[in-house]
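# Structural overview for review
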Amino acid sequence: MISLFITLFGIPLYEKINPMVSKLLTVPTDNLKRCILILICIALVGCSISDKVIEQKATSPELLQLEQRIHHLVNQYRISKNLSPLTTNEIITQQARIHSRAMAKKKATFGHDGFGKRVKRISRFLPYRMAAENVAYTKGYPDSARQAVLSWLQNGKHRKNIRGNYKLTGIGVAKDPEGAYYFTQLFWR
């Protein structure tokens with residue numbers, strides 16, 4: 001593609017380097033310019049989409065295990081209190097992951113900023129009557145998921161969310177370069 005640009009803009013260097021390629025460029029100039037513009041547009045569209053694709057990238061096995069562990073521990077607690085277990089939902093999970101990744105990348109402050117926007121995005125696909133969110137940060141614990149759940153259970157508001165009359169949940173975990181874990185659990189009914 002670089003060679004086409006060099007030839008297109010009249011720099012004779014490329015033609016001297018590879019005369020066979022210049023024979024391939026017998027396409028009328030207008031068509032060649034059109035083809036290059038189309039390729040540029042495709043490249044630009046690809047760049048604008050790439051940010052969204054990054055947010056939906058596959059979660060590593062380590063982080064998936066932590067998400068599953070959080071789900072298990074929260075449900076274990078709920079069952080011990082005669083509450084129904086929560087079912088994970090992929091739409092809710094995606095929003096939880098996006099928030100955890102943003103916190104880990106320092107693109108969002110640690111906390112609940114943007115919670116209303118997350119609820120609005122989810123509600124496009126899932127109607128709701130109530131929603132809540134727990135976030136946690138851990139570093140240096142052998143069982144980070146357990147530590148996150150224990151910290152939630154020690155906090156009245158977070159414990160209330162875990163014990164709430166919810167049916168669905170989504171859990172997202174991200175890890176920053178220093179090894180800290182960021183947890184987001186969304187609750188939905």
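Structure shown above.
The text that follows walks through the structure, step by step, so that each part is easy to find. Given the structure is predicted, the values throughout are model-derived calculations rather than measurements.

## Remarks on the nonpolar core
- Within the largest apolar cluster, 21 residues are counted, with the highest numbers of intra-cluster contacts made by Leu66, Ile70, Val149, Trp152, Ile162, Val173 and Phe183.
- Where this core is concerned, the elements lending two or more residues are helix H5 (61-80), strand S2 (131-138), helix H8 (144-153), strand S3 (168-175) and strand S4 (181-188).
- With 6 residues, H5 is the single largest residue contributor to this core.
- The residues touching Leu66, leaving out its near neighbours within four places in the chain, are Ala145, Val173, Tyr181 and Phe183.

## Here we look at the environment of Pro85
- Mapped onto the elements of the fold, Pro85 is located in the loop between H5 and strand S1 (87-88).
- Spatially, the C-alpha atoms of Pro85 and His71 are 9.2 Å apart, while their sequence positions differ by 14 residues.
- Non-local contacts of Pro85, meaning those with residues more than four positions away in its chain, are made with Asn75, Arg78, Ile79 and Lys167.

## Quick word on the packing of H5 against helix H9 (residues 156-163)
- Where H5 meets H9, the closest approach of the two axes is 10 Å, and the angle between their N-to-C directions is 80°. With respect to H9, the element H5 is oriented roughly perpendicular. Between H5 and H9, the contacting residues are Val74, Tyr77 and Arg78 on the first element and Arg159, Ile162 and Arg163 on the second.
- Taken together, the residues of the contact of H5 with H9 break down into 3 nonpolar, no polar and 3 charged.

## A short note on the packing of aromatic side chains
- Tallying each qualifying case throughout the model produces 6 aromatic pairs.
- Taking the centre distance of 6.2 Å and the plane angle of 70° together, the rings of Phe110 and Tyr137 count as edge-to-face. Of this pair, Phe110 sits in the loop between helix H6 (90-104) and helix H7 (115-123) while Tyr137 sits in strand S2; the two residues are 27 residues apart in sequence, bridging distant segments of the chain.
- Tyr137 sits in the partly exposed class, given a relative accessible area of 44%.
- An aromatic cluster is present here, built from Phe110, Tyr137 and Tyr182 joined pairwise through their rings.

## Here we look at the pairing of S3
- S3 sits mainly inside the fold: 6 of its 8 residues count as buried.
- Across 2 bridges, the pairing between S1 and S3 is parallel. When the sheet's bridge partners are listed, Thr88 is paired in S3 with Thr169.
- Connecting S3 to the antiparallel partner S4 that follows it, the hairpin turn spans 5 residues, and Gly179 within it adopts a positive phi of roughly 95°.

Criteria and thresholds
- Residues numbered from 1 in each chain as written.
- Predicted model: local features only at pLDDT ≥ 70, side-chain atom pairs only at ≥ 80, totals over all residues.
- Heavy atoms only, no water.
- Core = buried A, V, L, I, M, F, W, Y, C linked by side-chain atoms within 4.5 Å.
- Buried < 20%, exposed > 50% of the residue type's maximum accessible area, 1.4 Å probe, protein only.
- Helix = DSSP H or I, 4+ residues; strand = E, 2+ residues; numbered from the N terminus.
- Contact = heavy atoms within 4.5 Å.
- Axes fitted to C-alpha atoms, helices over the stretch in contact; angles between N-to-C directions.
- Parallel < 35°, antiparallel > 145°, perpendicular 65-115°, else oblique.
- Nonpolar A, V, L, I, M, F, W, Y, C, P; charged D, E, K, R; others polar.
- Phe/Tyr/Trp six-rings, centres within 6.5 Å; stacked < 30°, edge-to-face > 60°.
- Pairing = 2+ DSSP bridges.

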